[in-house]
Amino acid sequence: MRLLSFELNGAATVGVRVGEEVVDLSIAAPQLPRDIRSLLAAGPEALAVAEAAASSANATARRPLEGLRHLTPIPRPDKIIGLGKNYMKHVEEMGAEVPSFPGMFLRTPDSLVAHNQALWRPEASDTLDYEGELMVVIGRGGRMISREEALSHVAGYACHNDGSVRAYNYIPSAVTAGKNFLRTGGFGPEIVTADELPPGCKGLRLSTSVNGERRQSADIAEMRWDVAHLIHLMSTIFTLYPGDLIATGTPSGCAAGSTDPQWLTPGDVVRVEIEGVGALINPIEDAPRVRTDLDVRL
């Protein structure tokens, strides 16, 4: 099943994509929660109702996918955990040491935007970079989860662009700053439930292109810490809740790994695609200027 959030008459609602149409669950199954986080928290029975409603929905509940205004699938999760240094070729291109534990940071919800919405290059720096990643969506919460049980806690997967303002990433101990500028990352277009994909998405190819030029390409099986291991590690630190997000790291090929970095500029279009999961597309725009009397650039 492919779950998505979208805007209808100024309000957020939940849908299931079926081919080139979206079934509006507020019509097809009005008894269900109106947001994906709450739907996941309601458990497998609620998801089964959503799937059945989508398969039998009449024309009143169906809307064309084309022209739909996507929202981030889970607008305000309890936590967004970012993980880095998980693809060894990326570690090598960045000149970093091979870690014994994945790099870790948290993102704020308003640092992410939905499919087809613009990423903002901030006023503070021109060094906006792309990072195509697999996003893991937690369906069943827990703490101290074993590796053997970890994948049973996954609701599904989505595409993620872990946009990074590199000038801030380069400041010692400021990785989190570079990951949290307003509207610098992408998430979507939908959540594909885990039953449609290989365990942990191993064997699926992740690629990132800028203006149609491929910059990143890797098999998700290349991750040093696979999805099960990451859930296990994070659940030893946090209590995981339905709707929590875990970004699993990026392959080699980002701009920062080049001797002549091609930072993202207004007019660029970034596409993150994962086989079987979908394609997340975001154009680049300059952030609107809020003040003109401050010199904050790096």
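For the structure itself, look to the data block above.
I will try to describe carefully the structure that is included in this document. As the structure is a computational prediction, the values presented were derived from the model and not from experiment. (Residues numbered from 1 in each chain as written. Predicted model: local features only at pLDDT ≥ 70, side-chain atom pairs only at ≥ 80, totals over all residues. Heavy atoms only, no water.)

## Quick notes on helix H3 (residues 44-56)
Selection criterion: Under the scheme used here, helices are H or I runs from DSSP no shorter than 4 residues and strands are E runs no shorter than 2 residues, and both carry numbers assigned from the N terminus. To estimate the expected span of a helix, count its residues, drop one, and scale the result by 1.5 Å. Using a 1.4 Å probe on the protein chains alone, a residue whose accessible area is under 20% of its type maximum counts as buried, one over 50% counts as exposed, and one in between counts as partly exposed. Directions from the helix axis toward the C-beta atoms define the arc. The contact criterion used throughout is that any non-hydrogen atoms of two residues lie within 4.5 Å.
Between the first and last C-alpha of H3 there are 19 Å, a value that for 13 residues agrees with the 18 Å anticipated at 1.5 Å per step. Taken together, the buried positions of H3 are Ala46, Leu47, Ala50, Ala53 and Ala54. Across the axial projection of H3, the buried residues extend over an arc of 125°, all falling on one side. Opposite the packed face of H3, turned more than 90 degrees from it, sit the exposed residues Pro44, Glu45, Ser55 and Ser56. Those residues of H3 that are buried lie in contact with strand S1 (2-8), strand S2 (11-18), strand S3 (21-24), helix H1 (25-28), helix H2 (36-41) and strand S4 (62-64).

## What about the pattern of salt bridges?
Heads up, the rule is: Any Lys or Arg side-chain nitrogen found within 4 Å of a carboxyl oxygen on Asp or Glu counts as a salt bridge.
Taken as a whole and judged by the stated rule, the model has 20 salt bridges. Residues arginine 69 and glutamate 7 are paired through a salt bridge, measuring 3.4 Å at the closest nitrogen-oxygen approach. Here glutamate 7 lies in strand S1 and arginine 69 lies in the loop between S4 and strand S5 (70-71), a separation of 62 residues in the sequence. With a shortest N-O distance of 3.2 Å, lysine 179 and glutamate 131 are connected by a salt bridge. Placement of lysine 179 in the loop between helix H7 (175-178) and strand S14 (185-193) and of glutamate 131 in the loop between strand S10 (128-129) and strand S11 (132-138) is noted, with a sequence separation of 48 residues between them. The exposure class of glutamate 131 is buried, given its relative accessible area of 4%. When salt bridges that share partners are traced, they join Arg107, Asp129, Glu131, Asp162, Arg166 and Lys179 into one network.

## Brief notes about the environment of glycine 82
Structurally, glycine 82 can be placed in strand S6 (residues 80-84). C-alpha separation for the pair glycine 82 and arginine 17, spaced 65 residues apart in sequence, amounts to 27 Å. If sequence neighbours within four positions are ignored, glycine 82 has contacts with Gly103, Met104, Phe105 and Ala247.

Purely spatial values, then, with no claim about function.
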